[in-house]
Amino acid sequence: MAEPNTYRAGPDDHGHFGMFGGRYVAETLMPLILELEKAYGAARKDPGFAAELDYYFRDYVGRPSPLYLAARLTARFGGAKVYLKRDELNHTGAHKINNCIGQILLARRMGKTRIIAETGAGQHGVAAATVAALFDLPCIVYMGEVDIARQEPNVFRMKLLGAEVRPVSSGSRTLKDAMNEALRDWVTNVEDTFYIIGTVAGPHPYPEMVRDFQSVIGREARAQMMEREGRLPDTLIACIGGGSNAMGLFHPFLDDPDVAMIGVEAGGKGVETDAHAASLAGGRPGVLHGNRTYLLQDGDGQILEAHSISAGLDYPGIGPEHSWLRDQGRVEYVSATDAEALEAFQLCSRLEGIIPALEPSHALAHVAKIAPGLAKDHIILMNMCGRGDKDIFTVADAIGVKL
Amino acid sequence: MSGRIAARFAQLKAEGRAGFVAFLTAGDPDHETSAAIVEGLPAAGADLIELGMPFSDPMADGPSIQASSLRALRAGASLRNTIELVRGFRNRNNETPVVLMGYFNPIFRYGVDAFIGDAVAAGIDGLIIVDLPPEEDEDLCLPALKAGLNFIRLAAPTTDETRLPRVLANTSGFVYYVSIRGITGAASPDIASVGESVARIKRHTVLPVAVGFGIRTPEQVADIAAVADAVVVGSAIVDVVANGLDANGKAGPSLVEEVLGLVRSLAAGVRNAPVERKAG
C-alpha cells in the first residue's frame, strides 16, 4: 500500500477512511445524518462557532488542561520521561466534556430541543447531562443494566443533573446495547432530537466531528510540549474503547513522522481468552452502529460481548479512523489486561497522588511496560483522560476490599 | 431479475387486491418449526414471505423482533441456515416470492459474492437490508442487482421529495414504505398520511409499494390494503411464536397452527379491503 502524503485528510466526502467508516443507518435517519453533516460543515467554518467553543472550553471546562511531568512514575520506571496530559482535571472529570460542549452547541444551532446519549462508564452520560443542564434541554441517557450496577456514582450524578437514565436490558446490557437503544430512540424522534454520540464511532459525520472536538487535547499538548521541552514527544500513548481520547491526542501529530503512537485496548482477562474488548487484536472488519470498522464477532457476523473491568472500554468495536490507522501501520495498537490496569491504577494513586480512571490505567499499564527499556531522554506523553473516583467501588471489589 | 415478485404483483393487480406479506424471523424458535411455518404460509394466505435474518444487534427493531432474533440465534440460527430454509421451501413452492430482511454484517461476514451466489441458487427473490441506504450501494445493492436479486429499498416518512429519486434509483421488485417514524412493532400508522405518502412515492416510480411497521390487526391490514399494493405484518406474528413456547422455551404442540391461524385472519384483511382502490 502506498503511504499517503498526509494522515490527516480523512474522511472522504462519503465519510470513509479507506474501507472503514461510512453511513450504515436506516433510511429514516439518513436525511437527518445528511442535515447534521451540512450543519457541522457550516459550523466548523464559522468563526462565531469556534469562539463559542473556546469560551466554554476555557471558562466552563477549565481548558487548557495541564501537561504534567510525572516525576515519581518516571523515577520508578527508570527510563523514559513520562508526561501526563491532565484531561482528568476537566469539569466532570474526563475528556468526554470536550465533545459534549461541541455537540450541544451544534444541536442549538440546528434548533434541536431534546438530547439523547448512550453511556458505558457513565462519563459520557454525565458530560451529556451536564451540557444539557447548562443549556436547559431535556436529556435521556441510555445505559446498560450491567453498567448501571457498576457505575452507581455516575448514575446518581446524571440524575442530579436532571437527566433521565433509561436502563437497557437487551443483549449484553452494556455499552453496545445502550447505543442500539439510543439509535431506536433517535429513529422514533428524529425531528426534535439530537443524539450526542460519545466516541469517534457511529455514522459519518460523527467520527470526524467527535475527533475534531477532542483534538483540542492534542493541539494543547503539542504547544505545551514545545514550550516545556522545545521539541515534540517521542511516543504518545492513550487507551482505546471507541477511541475518542486517543484520536483527540493523536490527530494533531499524525503527520509528524518522528512521533510514535500507541493505542492501548482493553485486554480483559487476556486477548487469548474470549473475555476482552480488544477489537483490533481479536476482531475482524464488519458493520455495526452506522460504520464499518473492526468488531468482535463470530463467524456468522453476530456481534460478541466484550469484557473489560473498565465499563468505558467495554465495547466490541472501535472508531473507524483507528481501524484505518492500524491498517496503514501509522499507529501501533496493543492491549493491557484487567490485572495490569488495576496495578497501574494503584501505582499512580500512590506515587503521583492521582487516582486515575480504569480506562487510562490501561494506557499507564503499557507505559509501565515500555518506559523502563527506553532512554532517559525519550519523552512519553500519555493521555490521563479521566479520574478514578467513579471506579473506587469496582477497584475495591477487584482487590478484595469491602467498603 | 427474479420474476416471482413481478409475477405475483401482476397477479394481484389482476385480482384487484393488495398483497399480504408475512414476516417471520428465520429459525425462530428453531429451524424445524420455522420451516414448518414457512411451508404453511402460502396456503394461509401469505402472498409474499419476508424472512428476517437473525442479528445480535437489530437496531431498527422493536422488542418483539429483537426477542425473536435472539431466540433464533440461541437455537443455532445462522445466515447459512436461513438460506437452507429457503432452499427447502423452494423444492415444494416455486411461486411465492421470498425476500430476506435484516442487517448487513452477517452478509458481509459471509462474503458478499458467496452470499449472492448462494441466495440466487436457493431461490431467494430479494433483499431488504435496513442499514444499507443508497449512500452505500456499492457494498451489496449493485452486485445483487447485477446477479438478478431484487434490492428492495425502504422509504421513510423522513424521505423527502428531493431525496426520494435517489432512494428509488436502484430499487427493484417493490418499494417498502416505513409507515411510522420509529422501530418495528411500535406505534400504529395514521392511515390518511400513509395514503398520501404512498401516492407521493407512486408519482416517482412504477414499482408496487408495500407498507409495513406497526400494523398488527386484520382491520389495520384492510385499511392499509386500501391505499397500498401490499401490507407487511411482522411483530404481531412473531409475538404468536413467543406465546406458543412452553416453559422450557421450546415450540409447543400448537405453535405452528396458531401462527398460521393469525396469518389467515390477517390475510383475510387484504381480501376484504374497501373497494376505493386507486388504479395503478
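The structure we're discussing is the one just above.
Residues numbered from 1 in each chain as written. Chains lettered and ligands numbered in written order. Predicted model: local features only at pLDDT ≥ 70, side-chain atom pairs only at ≥ 80, totals over all residues. Heavy atoms only, no water.

(A) Geometry of the overall build of chain B. Counting its regular elements, chain B contains 12 helices and 9 strands. Scaling as 2.2 N^0.38, a compact globule of 280 residues should have a C-alpha radius of gyration of about 19 Å, and chain B matches this with 17 Å. Across its three principal axes, chain B shows a C-alpha extent of roughly 50 × 40 × 35 Å. When burial is assessed residue by residue, chain B has 63% of its 280 residues classed as buried. When contacts within chain B are restricted to residue pairs at least 6 apart in sequence, long-range pairs at least 24 apart make up 73% of them. Looking at chain B, you have 25 positive and 32 negative side-chain charges, and the mean spots of the two groups are 3 Å apart. (Helix = DSSP H or I, 4+ residues; strand = E, 2+ residues; numbered from the N terminus. Rg over C-alpha atoms; globule rule 2.2 N^0.38 Å. Buried < 20%, exposed > 50% of the residue type's maximum accessible area, 1.4 Å probe, protein only. Contact = heavy atoms within 4.5 Å. Lys, Arg positive; Asp, Glu negative; His and termini not counted. Charge placed at Lys NZ, Arg CZ, Asp CG, Glu CD.)

(B) Representation of the packing of aromatic side chains in the model. What the rule picks out here adds up to 15 aromatic pairs over all chains. Between A:Tyr24 and B:Phe104 the ring centres are 6.3 Å apart and the planes differ by 5°, which places this aromatic pair in the stacked class. Separated into two different chains, A:Tyr24 in strand 2 (residues 20-24) and B:Phe104 in helix 5 (residues 104-110) make up a pair that spans both. In terms of burial, A:Tyr24 and B:Phe104 fall into one category: buried. Here the aromatic rings of A:Tyr195 and A:Tyr206 are separated by 6.3 Å at their centres, their planes lie at 55°, and the arrangement is tilted. (Phe/Tyr/Trp six-rings, centres within 6.5 Å; stacked < 30°, edge-to-face > 60°.)

(C) Seen up close, the pairing of strand 2 (residues 48-52) of chain B. All names here are of chain B. Burial runs high along strand 2: 5 of the 5 residues are buried. Of the two faces of strand 2, the one lined by Leu48, Glu50 and Gly52 and the one lined by Ile49 and Leu51 are each fully buried. Sheet analysis places strand 1 (residues 19-25) next to strand 2, joined by 5 bridges and oriented parallel. Bridge pairing in strand 2 links Leu24 to Leu51. Taken together, the 4 bridges between strand 2 and strand 3 (residues 98-102) define a ladder with parallel strand orientation. Opposite Gly52, over in strand 3, you have Met101 as the bridge partner. (Pairing = 2+ DSSP bridges.)

(D) Spotlight on the sheet that holds strand 11 (residues 284-288) of chain A. All names here are of chain A. The antiparallel open sheet is built from 4 strands, whose spatial order is 1-2-12-11. Two strands close off the open sheet at either side, each with one partner strand: strand 1 (16-17) and strand 11. Here strand 2 pairs with strand 12 (residues 290-295) via 2 bridges, running antiparallel. If you follow Gly21 over to strand 12, its bridge partner there is Arg292. Against the sheet, helix 13 (residues 320-328) engages strand 1, strand 2 and strand 12, with an angle of about 45° to strand 12. (Axes fitted to C-alpha atoms, helices over the stretch in contact; angles between N-to-C directions.)

(E) Seen up close, the pattern of salt bridges. All names here are of chain A. All chains considered together, the criterion is met by 46 salt bridges over all chains. Across the salt bridge formed by Asp327 and Arg326, the nearest N and O atoms sit 3.2 Å from each other. Using a relative accessible area of 34% as the deciding quantity, one classes Asp327 as partly exposed. (Salt bridge = Lys/Arg side-chain N within 4 Å of Asp/Glu carboxyl O.)

(F) A look at the side chain of B:Asn150. Residue and element names in this part refer to chain B. Its location among the elements puts Asn150 in strand 5 (residues 150-151). Relative accessible area serves as the criterion here: at 2%, Asn150 is assigned to the buried category. Polar contacts involving the side chain of Asn150 include one to the main-chain carbonyl oxygen of Asp125, which spans 3.0 Å. (Polar contact = N/O pair within 3.5 Å; in protein donor to acceptor, adjacent residues only side chain to side chain.)

(G) Up close: the interface of chain B and chain A. Residue-level contacts link 36 residues of chain B with 38 residues of chain A. Contact between chain B and chain A buries roughly 2900 Å² in total, counting both sides, with carbon and sulfur atoms accounting for 51%. Between A:Lys176 and B:Asp57 there is a salt bridge, and its shortest N-O distance comes to 2.8 Å. Counting the contacts that link chain B with chain A gives 22 residue pairs in polar contact (both at pLDDT 80 or more). Contributions of two or more residues to the side of chain B that touches chain A are made by helix 3 (63-74), helix 5 and strand 6 (154-155) of chain B. Tallying contributions element by element places helix 5 of chain B first for the side of chain B that touches chain A, with 5 residues. By residue class, the composition of the side of chain B that touches chain A is 20 nonpolar, 7 polar and 9 charged. (Buried area = accessible area lost by both parts, 1.4 Å probe. Nonpolar A, V, L, I, M, F, W, Y, C, P; charged D, E, K, R; others polar.)

(H) Quick peek at helix 14 (residues 338-352) of chain A. All names here are of chain A. Given a rise of 1.5 Å per residue, 15 residues ought to cover 21 Å, and the 21 Å separating the end C-alpha atoms of helix 14 matches this to within 8%. Within helix 14, the full set of buried residues consists of Asp338, Ala341, Leu342, Ala344, Phe345, Leu347, Cys348, Leu351 and Glu352. Turning to helix 14, the residues buried within the fold contact strand 3 (67-69), helix 3 (71-77), strand 10 (260-268), strand 13 (332-337), helix 15 (358-370) and helix 16 (392-398). Trailing helix 14 by a residue or two, Gly353 shows a phi angle of about 70°, which is positive. (Expected span 1.5 Å × (residues − 1).)

(I) Representation of the sheet that holds strand 8 (residues 193-196) of chain A within the structure. Residues and elements named next belong to chain A. If you trace the 4 strands from one edge of the open sheet to the other, you get 7-6-5-8, paired in parallel fashion. Lying at the two open borders of the sheet, with one neighbouring strand each, are strand 7 (164-168) and strand 8. The sheet shows a mean angle of 25° between the axes of neighbouring strands, direction not considered. Bridge count for strand 5 (residues 114-119) against strand 8 is 4 bridges, and the pairing is parallel.

(J) Here's a closer look at empty space enclosed by the protein. Applying the stated criterion to the full structure yields 7 cavities of 30 Å³ or more. Taken as a whole, the largest cavity encloses approximately 340 Å³ of empty space. Every residue lining the largest cavity is counted, 32 residues in all, and those nearest its centre are A:His95, A:Lys96, A:Gly312, A:Leu313 and A:Glu359. For the lining of the largest cavity, the secondary-structure elements that each account for two or more residues are strand 5, helix 5 (123-134), helix 8 (175-188), strand 9 (235-240), helix 11 (244-250) and helix 15 of chain A. Here the second largest cavity is characterised by a volume of approximately 240 Å³. What lines the second largest cavity is a set of 27 residues, among which B:Phe23, B:Asp61, B:Ile65, B:Met101 and B:Thr184 lie closest to the centre. Listed by contribution, the elements that provide at least two residues to the lining of the second largest cavity are strand 1, strand 2, helix 3, strand 3, strand 9 (230-233) and helix 11 (235-243) of chain B. When the residues that make up the lining of the second largest cavity are grouped by side-chain class, the tally is 15 nonpolar, 10 polar and 2 charged. (1 Å grid on protein atoms, 1.4 Å probe; cavity = no way out; pocket = protein on both sides within 12 Å on 5 of 7 lines; lining within 4 Å. Points joined across faces, edges and corners; volume = space filled by probe spheres on them.)

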